[in-house]
Structure formats: structure tokens, C-alpha cells
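Below, each chain spelled out in residue letters.
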Amino acid sequence: MSESIIKPEELAKKIDYEPPKKGWLDPSVEFKRGVYNYSGIPKNVEYLQLPNPRKWQPEDPDWQLPENWKEIILNGLKERLDKFRSLKIFMDICVRCGACSDKCHFFIGSGDPKNMPVLRAELLRSIYRNDFTAAGKVFGKFAGARELTIDVIKEWFYYFYQCTQCRRCSVFCPYGIDTAEVTILVRELLNLIGINIDWVITPVANCFRTGNHLGIQPHGFKDSIDFAVEDLESITGIKVDAPINKKGAEILFVVPSADYFGEPHYFTLLGYLALFHEIGLDYTWTTFASEGGNFGSFVSHDLMKSLNTKIYAEAKRLGVKYIIGGECGHMWRVLHQYMDTMNGPADFLEKPVSPITGTKFENANSTKMVHICEFTADLIKNNKIKIDKNRNDHRKVTFHDSCNPARAMGLIEEPRYVINNVCNYFYEMPENTIKEQTFCCGSGAGLGTDENLEMRLRGGFPRANAVKFVKEKYGVNFLGCICAIDKATLPPLMDYWVGGVEVGGVHELVGNALIMKSEKERTTDLRGDPLLTNESVKK
Amino acid sequence: MNILFSFFAVLIIILAVIIGVETAQLEFLFGVIIPYAAIATFILGIIYRILKWAKSPVPFRIPTVTGQEKSLSWIKSNKLDSPNSTLGVIGRMALEVLLFRSLFRNTKTQLKDGPALVYGSSKYLWLGALVFHWSFLIIVLRHFRYFAEPIPSFVIFLQNYDGLFQIGLPILYVTDVLILAALTFLFLRRITDPKLKYISLSSDYFPLFLIISIAVTGILMRYFAKVDIVSVKELAIGLFSFNPVIPNGIGIMFYIHLFLVSVLIAYFPFSKLLHMPGVFLSPTRNLANNSRMKRHINPWNKPVRIHTYEEYEDEFRDKMKAAGIPVEKE
């Protein structure tokens, strides 16, 4: 962690929710290290055939924009107003009631008034008024209109890359105005003139070419899975089968790439492998669609679609019946709300039915993709797996609802049901911080970089503070979640604000508790941490 | 600055009508022409807006889900906050439009020592908004006693209940008190909460001042600076039967009230007041959460550049074969 970051208590003390005296219409942004992301590298911008590849950084005075940048933006805005009713409505009907103002984790953690969702949207709305409405043209500043300038563009870059598209504000808005939608579209506009960030662009380029954000090639993918199979064998004594690109398998399994390349994601991977072996699932991994996540969705609808195509294409090529998706947040936003519309109809697949329990997943009848928590909850409900809950007794668990499974899908009870059935100790965080009101990890939508650490720690403050509450109250030491970005970014957040809390997936807990046929006696969990024995409990 | 601008704008409107009627004798302009023009602007403006919104498609099904999805049969789904059917959506919208469901969730975030974040319940905005909108609606409906002869029965019904407490003469309407209280609260909230003051534009204060002025002039007319009700009704019925007349001796207060109302309804289609029709078209609220069950169609579903499996295998075939991963072409 960067030594330049001040102590948590000091950071919290400096947060001031009182806005400055001066109004917000004059754009002004200071690019301070620690609160913004570096620009997309030209090679990958070019590879994706996006406009204006060049070397530049946000702190440069000259962003080397195309000469007609303003025309491009205004035309782009017009095109999007015509294509998205959401945008038109959201531009027209906000009454600035302020209900959203203190609902954003970035506002709560920074006190920067332009991080109030209402003002974030006003940054665009002010331009919309100026160029697309009569009132704005006549009354100008008095109607909250302002001219589009380079400084406005810089402000957009700053603040629309300080939104993780978590949609918490939209829950509280009386009209459902969704800042995520505005952010997605402003980022599209910025990309039209070559403004983007590398932590999004490079994964997208990787994914386009190799099938996953991390740029892992097929043999590397196989190595990772093989390695996990060996690891699992050393823990359980059982060598599981993990077929890759297997034609004719019943089910295709798609996960975020961090699951097979990152920690603590990896332990969730072990959980999947153990579970699928134990129930004898006929499934396959895929190297071509080796990414469930979709950083394309942080650039544009086009790139979201482009990357997402691979999942159905691969399901078709392999001839599977349907698809199961692993633990990931924005991945499920795309799968649940966009995939079928963009790349369907999936008429070459069958309506999903659990081969183990016979349960029909009717809620996925069209998209034909089932969430792993839905699948596992059904297994447990039908007593199809044997569980030793005590093996998770060293974990006092709380659950972080990842933004998109909660607010895009309503996947709320399934993971809780699974956790409650594999753990003895589960404690909820306060109600305003979970379920549909859950707080973001602060690093979603492509913002989880080291260079952006201060802003991430600020944005993650509300989540961390709620964990701290249950840690102090119940001794919680494990933060469960179902999102790859959570697993990557919550650990440093916990270290900074809370301490002594580990982060892991729900299927890691499942894997710990799962009793496998003819397994050896387990002495450690999937992480290699010793299990609590009767003796150690007595101590 | 924004407050003053809006305040003076409303003041000028009031002065304009006083001068117009008292000095320039423009009763016909303010009593007939402007109201007609305002109603026409309102109707055409709203139709134009709705058509303009409707012209843009809804490419994706993006409800903001605020409750448990319908998935496994034994998990109870939340039919209103995560509606799965049209009926559920209608229920969700009804709660939103009639009872301001989302505002009811409102909380207030406070940062305390520790540091500890606390989210207190904060229902004042919900209450203030609800009281204001419902009072406004009832008052508008009550006004039908002026537009129709005989007075419609629902108006009598509303009047009776609105005047339930039978205080004073003429009987005090509860909604008159409530709307003033709610408007005062909404205004004070805007200027006392620093965050709210920071985000407020002239276009937030202007309709607020306008509606306060309308309410105040209405109340003045009823209880204090009384006008000739018979003449007012004659004018109103004339307007509505397209047979306009200007009876003599209607007090100036009436013309001020009427002009303010005219300005409000003419301003409506160009302002944030569009939230009234707009909320019905909000895609995060008016769509069912059933996108995996029923395919949503995007009319402009755009073809995009893709990287096919064949291209992928061509690049990695040797490595795949070496690793023992099955390939299409040997």
C-alpha cells in the first residue's frame, strides 16, 4: 500500500459534507495523484479500433483532442438521446430533491459535492440544457446551462471515472434516475474523442484477443486449472476431473478470469471444482469464453456486446444445453440485463434444468444462463450434497451484497441460504448497507487501480465501516462476497479501515464444508488455514 | 442569486398583471387570451414532450431491482420491488406515483467519531412531498366547482372532507393549510441544507415561488381579499364553454391568481415539472425484472466487430495442441 496515504482516522476526519461557497457551474478539476486513473495506452486503443490513440495523461494541460472534438461530443450526445429513452428522461425530469445526495459511496467518503449523484448527472445535464433545450438557450446560466469546454470534458473524465455504476442512488430516486446509465453513456462520449483509462482498455483488448481480461492464453488457462486440481487433491485427497473445451458436455461454466488467476478468488475456484466433482456434473470450462466479466461494458455498449458474443458462440460450438455463471458482479449485470437482448436469442440452447435435482430454472428460460448461487441453493435445498458446517467454524462470516447481483438481479436470498447452510456463524451488517441498499466496494467499473488507491479507499469507506461494525459487535473475521472485483479490492480496503478480516467467495465456504465421497480427513480449509478441532475449541 | 432571480421573476409577473388590469384595463388579455394560450401551450407542450420521449426506444431492460428476484419456487420473491409481471410493475408504479415509495426509503448519512457512519431514517422529504402533491391535487379538483354547473358530486365530496373541521367562515380547508406548510418546508429545506442549496437552480426556486404565490393569492381571495365568486364562475364557465365573457367587478386578486396559474401551466412542458408525466416512462421503474425469462428486443441492435473462435484458434492452435486442449482443425 502506498506510504503516501494518510491514516484512516485522519482521512475520515478530513471528510466534510459542507459544500464550498462557490457554485458548481464553473468547471474545475485538479488531477491529484491517488484519485484518478492513467490513460489507455495507444497500442491497445488502436487494437480495439477506438478513436484518437495517442500518448497522454490526465495531468497534461493539452489532452490532444481532435480538432472537432466539440462537434463529435454534441453529435454523439444527440445520437444517444435518440437511441436511449433512459437518457432523455433522466436529462429532463430531475427535480434536484436531493434524496440521492448522500447515497453515493464516493460522496460519503470524499465529501466532494460533485460526487453527489445529482451533481454528477448535472455535469452532463448542464450541457444538454445549453445545446438541446429552449429554456437553456434562453436563460443560460439561470437555467443551469453552460457551454461545453475542454474543462468540462476534463471534469467529466474526473467524475465519471469516480462512479462505479453501482446504482445505489437509483434506489432512492423517486423517478429511478440511474447514474450508472448516465456514466455509461458519458464514458461512451469520452471514448469518441479518445479519452479512456488503461485499466479498462487493456483488459478489453486482452479479452478481445485471448478471451479474458488478464490476457491468459489457452495453455496458461489449462495450467491454472491443472494447478487447482492438484491443489484440491492435496487438500482432499481426491483428483477431480476438469474438462476444458469439451464438446457435448451438458453445461458450459463461465467465470471471471480472476477466479483462476487471482487470490482470494482462487479458493472459490477450488470450491467450484470440488462441488462439480461431487455432484458428478457433466460440464466444461472454456478457453475461448474464459471471461465472464465484461470490461467492455465500462467503455461502451458496442464493446460490451463485442466481448459478450463469445459466451453464446462458445456454447453453440461446444453444443452444451445451457450455461452456468460463476461469482461476479458486473458480469451478472451484463448477463442478466443485456446478453439475451444483444446476442440472443439463445434458441440453440435448452431451457435450464438441474441434472441433479430436476429443478427447472424457469427464471432463466430465455437467456439460458443460471447463477451458481441459484444452482447451489437448489442442490442444498434438495439435500444433494453433504455438508459439515463445523469446517467453517473458524470463520465468523458476514455477506457483502455485490451491487449488480443485488440491484440488477435481486439475487439476495440465494447466497444467504447457501452461507447459512455451510456456516454456523453468519451475521448481517446493518440494514442500510446490505441487500438493495448495499454499498459498493468502491473499485468497480474499472477503477480498481493502484494509482487510484486513495479514491478507492474513500469510496469503500461506507462498506468497510459496516464491516467494522459487525467485527466489533460479533467478531466477524470473514467477508463473503460473490464478485471478482470485490475479491480483488476488498482485502486492501479491509486492511486499511478494519483489519483482521479476510475476504472470500461463497463457494469457497461451500468447498470447505462439502463432504466429498472417500475424501481424506481435512486438516485445513481450502486456503490451507487449519480447521478448528475439538481440542483447539477447548483451549 | 438563483433565489433572487426566481423571486424577482415571480414579482414581475405579479406586477405585470396588476399594471395590466388596473392601469391598462387589459381584462380580456389576462382573463381570456392568456389562459387560453397557456392551456394550449400546456397541452401541446406535454404531447410534444411525451412523443419526443416515446420516439427514443428502450434498448435494454434495466430496472433497478430493490427486492428478491423470482427464482427458485421456495424462495419468496418480492412482487412489488422486483416485479416479475405486468401486474407487479403496475403495483410498483402505483406505489411510486401515489405514495412516493422510493422517497420513503430516504436516509440521512452522518459521520461520527470513530469514524462511524450512521444512516438515520429521514422521512421528512417524503412527508413534505406527499403532503404538497396530494394537497395540490385535491385543491385542483376542488376548483371544478367553478368550471362546471351543476357542481360535480366528487367536488362536493372533496369539499366536505377538506372542510371537515368546520373552522371559521368560510370554512377553512385543511389542504390550504397543508399546502402552505409543505411548500414552506420544501423551500426552507432548499435553503437551509447546504448540500441542497448548492445543487438548487433558479428553475428549482421559480416553480416553488410560483406555486406559493398561487396558493397565497387563492387563500387571500377565499378568506380575506374576497372577490365576487359569481362573476368568477361566470368567467370560468365562459372559458370552458368557449364562450368567453369578462364580467365586471372581479377583484384584482383573481387576475393575479389566474395569471400565475397561466404562467405555471405554460411553463410546465419546459421545466422540471415534467417529472409528472416522465416518471411513468422511467425504464428503471416501469419494466419487469424478467430479462432472463423473456427476451427484450432492442430495435437498433447494432452489429459490432467480433473476434471469432476460428480467428482465436488460428492464433493459438499450436499452443492449444501442445497443451492437449481439443481443437477444431488439426
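The structure displayed is predicted, hence computed values, not measured ones. (Residues numbered from 1 in each chain as written. Chains lettered and ligands numbered in written order. Predicted model: local features only at pLDDT ≥ 70, side-chain atom pairs only at ≥ 80, totals over all residues. Heavy atoms only, no water.)

Draft legend 1. Representation of the overall build of chain B in the model. Regarding its fold elements, chain B presents 14 helices and 2 strands. What you see for chain B is a C-alpha radius of gyration of 28 Å, clearly larger than the 20 Å of a compact globule of 330 residues, by over 25%. Along the first, second and third principal axes, the C-alpha set of chain B runs to 100 × 50 × 45 Å. The buried share among the 330 residues of chain B stands at 48%. The long-range fraction of contacts in chain B, counting pairs at least 24 apart against all pairs at least 6 apart in sequence, stands at 65%. (Helix = DSSP H or I, 4+ residues; strand = E, 2+ residues; numbered from the N terminus. Rg over C-alpha atoms; globule rule 2.2 N^0.38 Å. Buried < 20%, exposed > 50% of the residue type's maximum accessible area, 1.4 Å probe, protein only. Contact = heavy atoms within 4.5 Å.)

Draft legend 2. Representation of the side chain of Thr179(A) in the model. Counting through the fold element by element, Thr179(A) comes out in helix α10 (residues 179-192). If near-sequence neighbours (up to four positions away) are discounted, Thr179(A) is found in contact with Pro117(A), Arg120(A), Cys163(A) and Cys169(A).

Draft legend 3. Examining the layout of surface pockets more closely. Here the second largest pocket is characterised by a volume of approximately 660 Å³. Around the second largest pocket sit 23 residues that line it, and Lys21(A), Lys22(A), Gly23(A), Asn2(B) and Tyr198(B) are the ones nearest its centre. Top element by residues in the lining of the second largest pocket is helix α9 (residues 194-199) of chain B. It accounts for 3 residues. Of the residues that constitute the lining of the second largest pocket, the class distribution is 13 nonpolar, 3 polar and 7 charged. (1 Å grid on protein atoms, 1.4 Å probe; cavity = no way out; pocket = protein on both sides within 12 Å on 5 of 7 lines; lining within 4 Å. Points joined across faces, edges and corners; volume = space filled by probe spheres on them. Nonpolar A, V, L, I, M, F, W, Y, C, P; charged D, E, K, R; others polar.)

Draft legend 4. Looking closely at the sheet that holds strand β2 (residues 283-284) of chain A. Residues and elements named next belong to chain A. With parallel pairing, the 4 strands of this open sheet are ordered in space as β2-β1-β3-β4. Pairing within the sheet leaves two strands with one partner each, and these edge strands are β2 and β4 (369-371). Across the sheet, helix α14 (residues 301-318) touches β1 (251-254), β2, β3 (322-325) and β4, and the angle it forms with β1 is around 150°. Sheet strands touched by helix α15 (residues 329-337): β1, β3 and β4. Its angle to β4, the strand with the most contacts, is close to 145°. (Pairing = 2+ DSSP bridges. Axes fitted to C-alpha atoms, helices over the stretch in contact; angles between N-to-C directions.)

Draft legend 5. Fine view of the domain arrangement of chain A. All names here are of chain A. For chain A, the assigned domains are domain 1 (8-30 + 51-195) and domain 2 (204-538). Taken over C-alpha atoms, the centre of domain 1 sits 33 Å from the centre of domain 2. The interface of domain 1 with domain 2 comprises 29 residues on the first partner and 31 residues on the second. Overall, the association of domain 1 and domain 2 removes approximately 2600 Å² of surface from exposure, summing both partners, and the carbon and sulfur fraction of that is 62%. Together, Leu11, Arg167 and Arg168 form the three largest contributors to the area buried by domain 1 at its contact with domain 2, with a combined 23%. At the boundary of domain 1 and domain 2, one finds 0 salt bridges. Between the two partners, domain 1 and domain 2, sit 7 residue pairs in polar contact (both at pLDDT 80 or more). Looking at the side of domain 1 that touches domain 2, the elements with two or more residues in it are α1 (8-13), α5 (105-110), α9 (168-172) and α10. Looking at the side of domain 1 that touches domain 2 element by element, the count peaks at 7 residues for α10. A class-by-class count of the residues in the side of domain 1 that touches domain 2 yields 15 nonpolar, 7 polar and 7 charged. (Domains from an automatic or database assignment. Buried area = accessible area lost by both parts, 1.4 Å probe. Salt bridge = Lys/Arg side-chain N within 4 Å of Asp/Glu carboxyl O. Polar contact = N/O pair within 3.5 Å; in protein donor to acceptor, adjacent residues only side chain to side chain.)

Draft legend 6. Expanded view of the interface of chain A and chain B. Taken together, the contact between chain A and chain B spans 123 residues of the former and 93 residues of the latter. Between chain A and chain B, roughly 9400 Å² of surface is buried when both sides are summed, and carbon and sulfur atoms account for 58% of that area. Looking only at chain A, the three residues that lose the most surface to chain B are Arg85(A), Arg96(A) and Phe142(A), adding up to 9% of its buried area. For the pair chain A and chain B, the number of links is 8 salt bridges. Among the ionic pairs, Glu328(B) bridges to Lys247(A), the shortest N-O distance being 2.6 Å. At the junction of chain A and chain B, the tally comes to 67 residue pairs in polar contact (both at pLDDT 80 or more).

Draft legend 7. Examining the pattern of salt bridges more closely. Counted by the stated rule, this structure contains 50 salt bridges over all chains. Ionic pairing is found between Glu147(A) and Lys70(A), a salt bridge with its closest N-O pair at 2.8 Å. Here Lys70(A) lies in helix α3 (residues 69-83) and Glu147(A) lies in the loop between α7 (134-139) and α8 (150-160), a separation of 77 residues in the sequence. Judged by its relative accessible area of 28%, Lys70(A) is partly exposed. Here Arg142(B) makes a salt bridge to Asp176(B), at a shortest N to O gap of 3.1 Å. Of this pair, Arg142(B) sits in helix α5 (residues 124-142) while Asp176(B) is found in helix α8 (residues 174-192), placing the two residues 34 residues apart along the sequence. Since its relative accessible area comes to 7%, Arg142(B) is described here as buried. On the accessibility criterion, Asp176(B) (8% relative accessible area) is buried. Residues participating in the shared-partner salt-bridge network are Arg96(A), Glu122(A), Arg125(A), Arg129(A), Asp204(B) and Lys272(B).

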